[in-house]
There are 2 protein chains.
Amino acid sequence: MQDIQTAVIRLVDRQNTALIGSVDEAGFPGIKAMLAPRLREGLKTFYFTTNTSSKRVGHYLRDSRACIYFYDRRTFRGVMLTGYMEVLTDSASKELIWREGDTMYYSGGVTDPDYCVLRFTAERGRYYKDFESVDFEI
Amino acid sequence: MQDIQTAVIRLVDRQNTALIGSVDEAGFPGIKAMLAPRLREGLKTFYFTTNTSSKRVGHYLRDSRACIYFYDRRTFRGVMLTGYMEVLTDSASKELIWREGDTMYYSGGVTDPDYCVLRFTAERGRYYKDFESVDFEI
């Protein structure tokens, strides 16, 4: 189990993008590519920056069931973490992961109302490697 | 509209992987990386090879609501197509997209019961480019 977690963390930290999954109001799954998480606590909690006005935020406010997915195109290894996504708009959370260059995306700076934080909390994981999948607890 | 479709087809055909989205029995979204579709009819129909025994197949048999997603990590452009996924196990479909080297994945050849076809039919699309998303019909 420890070996899987170590391999998964290595895989996650090597990717510059993450995919996030949601379910829309009609019950259809949605996928979106995101910049890599700004902050990660083990494999339990992941923080992403996003636009408050985005469709994805609307979906998570309605249904917080979520997944995040990282994969390496070269080795064809992937990991899906399943859990819940929260939309955070409080100042402390927004300041926690803000970086100077973010004004490129959010012109109003850290207090821009269109800037918010997605916090994903994982409940379980599934690691794919060498044509096989292994489930693991978190 | 024609311009978007052309740009999207170019994006799709350049990727060697696709992501597919599903919803599991507990209502959680799922994501999986797949080899690029074997066959594509416009932006309407996409065929993928997969393992009959895979979790994803079980999810689609229960709930065919699906999405597929292609993105370019370098330009950060992406497209999500939303629609339905069918699981096909008939000989004609299996032969349609079979390639010789596939025995690497399915040792029993084209009649291997663990080899099946996923056929995705798109209803609508959403194209992301330059920090903006545009919806389009299919």
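Per chain, residues are indexed from 1 in the order of the written sequence. Following the order in which they are written, the chains are lettered starting with A and the ligands numbered starting with 1. This being a predicted model, a pLDDT of at least 70 is required before a residue's local features are given, and a value of 80 or more before pairs of side-chain atoms are given or counted; all residues contribute to the totals for chains, interfaces and linings. Hydrogens are left out, water is left out, and the side-chain values use all remaining heavy atoms of the structure.

(A) Examining empty space enclosed by the protein more closely. Buried and open spaces are told apart on a 1 Å grid over the protein atoms alone, a cavity being a set of points where a 1.4 Å probe fits but cannot get out and a pocket being an open set with protein on both sides within 12 Å along at least five of seven lines. Residues with an atom within 4 Å of a point are the lining residues. Grid points are joined across faces, edges and corners, and a volume is the space filled by probe spheres set on the points. Tallied over the full model, the rule gives four cavities of 30 Å³ or more. In this structure, the largest cavity occupies an estimated 80 Å³ of space. Along the walls of the largest cavity sit Ile31, Lys32 and Arg56 of chain A together with Tyr69, Gly78, Val79, Met80, Arg126, Tyr127, Tyr128 and Ser133 of chain B, which together make up its complete lining. Strands here mean DSSP runs of E at least two residues long; helices mean DSSP runs of H or I at least four residues long; both are numbered from the N terminus. For the lining of the largest cavity, the secondary structure elements donating two or more residues are β2 (29-35) of chain A together with β6 (77-88) and β7 (115-129) of chain B.

(B) Expanded view of the interface of chain A and chain B. By the convention used here, residues are in contact when the closest approach between their heavy atoms is within 4.5 Å. If you look at the interface, chain A gives 39 residues, while chain B gives 39 residues. By buried area we mean how much accessible surface two parts lose on assembly, using a 1.4 Å probe and totalling the loss over both. Counting the surface lost from both chain A and chain B, the interface buries some 3,300 Å², and carbon and sulfur atoms represent 64% of this. For Arg124 of chain B, the salt bridge goes to Asp24 of chain A, with nearest N and O atoms at 3.9 Å. For the side of chain A that touches chain B, the secondary structure elements donating two or more residues are β1 (17-23), β2, α2 (55-62), β5 (65-72), β6 (77-88) and β7 (115-129) of chain A. Residue contributions to the side of chain A that touches chain B peak at seven residues, all from β2 of chain A. Residues were grouped as follows: Ala, Val, Leu, Ile, Met, Phe, Trp, Tyr, Cys and Pro as nonpolar; Asp, Glu, Lys and Arg as charged; and all remaining residues, including Gly, as polar. Taken together, the residues of the side of chain A that touches chain B break down into 21 nonpolar, nine polar and nine charged. When a carboxyl oxygen of Asp or Glu is within 4 Å of a side-chain nitrogen of Lys or Arg, the pair counts as a salt bridge.

(C) Structural view of helix α1 (residues 2-14) of chain A. Expected span, for any helix, means 1.5 Å times one less than how many residues it has. Between the first and last C-alpha of α1 of chain A there are 19 Å, a value that for 13 residues agrees with the 18 Å anticipated at 1.5 Å per step. In the core, the buried residues of α1 of chain A are packed alongside β3 (39-41), β4 (45-51), β5, β6, β7 and β8 (132-137) of chain A.

(D) Quick look at a nonpolar patch on the surface. Surface patches are drawn from residues lacking salt bridges whose relative accessible area is over 30%; two like charges belong together within 9 Å, two nonpolar side chains (Val, Leu, Ile, Met, Phe, Trp, Tyr) within 5 Å. Accessible surface is estimated by sampling points in the Shrake-Rupley manner with a 1.4 Å probe; for residues, cover comes only from the protein chains shown. There is a patch of nonpolar side chains on the surface, built from Leu35, Met104 and Tyr105 of chain A together with Phe131 of chain B and spanning about 410 Å² of accessible area. Within the element layout of this structure, Met104 of chain A appears in the loop between α3 (91-97) and β7.

(E) Geometry of the relation of the copies chain A and chain B. When the copies are superposed, the least-squares fit takes in the C-alpha atoms of residues with a pLDDT of at least 70 in both. Between chain A and chain B, which share one sequence, the superposing operator has a rotation angle of 180 degrees and an axial displacement of 0.0 Å; the RMSD is 0.0 Å. What the rotation and shift describe, once combined, is the action of a two-fold rotation axis. In terms of C-alpha distance to the rotation axis, chain A has Pro29 of chain A as its closest residue, with the C-alpha 2.9 Å off the axis. With an isologous cut-off of 70% or more, the 100% of interface residues of chain A that recur at the interface of chain B puts this contact in the isologous class.

(F) Local environment of helix α2 (residues 55-62) of chain B. Whether a residue is buried, partly exposed or exposed follows from its accessible area with a 1.4 Å probe, protein chains only, as a fraction of its type maximum: under 20%, in between, or over 50%, in that order. Among the residues making up α2 of chain B, those that are buried are Arg56, Val57, His59 and Tyr60 of chain B. The buried residues of α2 of chain B occupy an angular sector of 160 degrees when projected down its axis, which confines them to one face. What the arc covers is the set of directions going from the helix axis to the C-beta atoms.

(G) Quick look at the pattern of salt bridges. Residues and elements named next belong to chain A. The final tally for this structure, using the stated rule, is 12 salt bridges over all chains. A salt bridge links Arg126 to Asp135, with the shortest nitrogen-to-oxygen separation between them at 2.9 Å. For Asp135, a relative accessible area of 44% gives the class partly exposed.

(H) Highlighting the pairing of β6 of chain B. Residues and elements named next belong to chain B. Where burial is concerned, most of β6 is hidden: nine out of the 12 residues are buried. At least two DSSP bridges between two strands are required for those strands to pair. Where strand β5 (residues 65-72) lies against β6, eight bridges are found, and the strand directions are antiparallel. Its bridge partner lying in β6, Phe70 is registered against Val79. If you look at the hairpin formed by β5 and β6, you'll find four residues sitting between the two strands, and Phe76 has a positive phi there, around 55 degrees. In terms of strand pairing, β6 meets β7 through 11 bridges, oriented antiparallel. By the bridge assignment, Leu88 is partnered in β7 with Val117.

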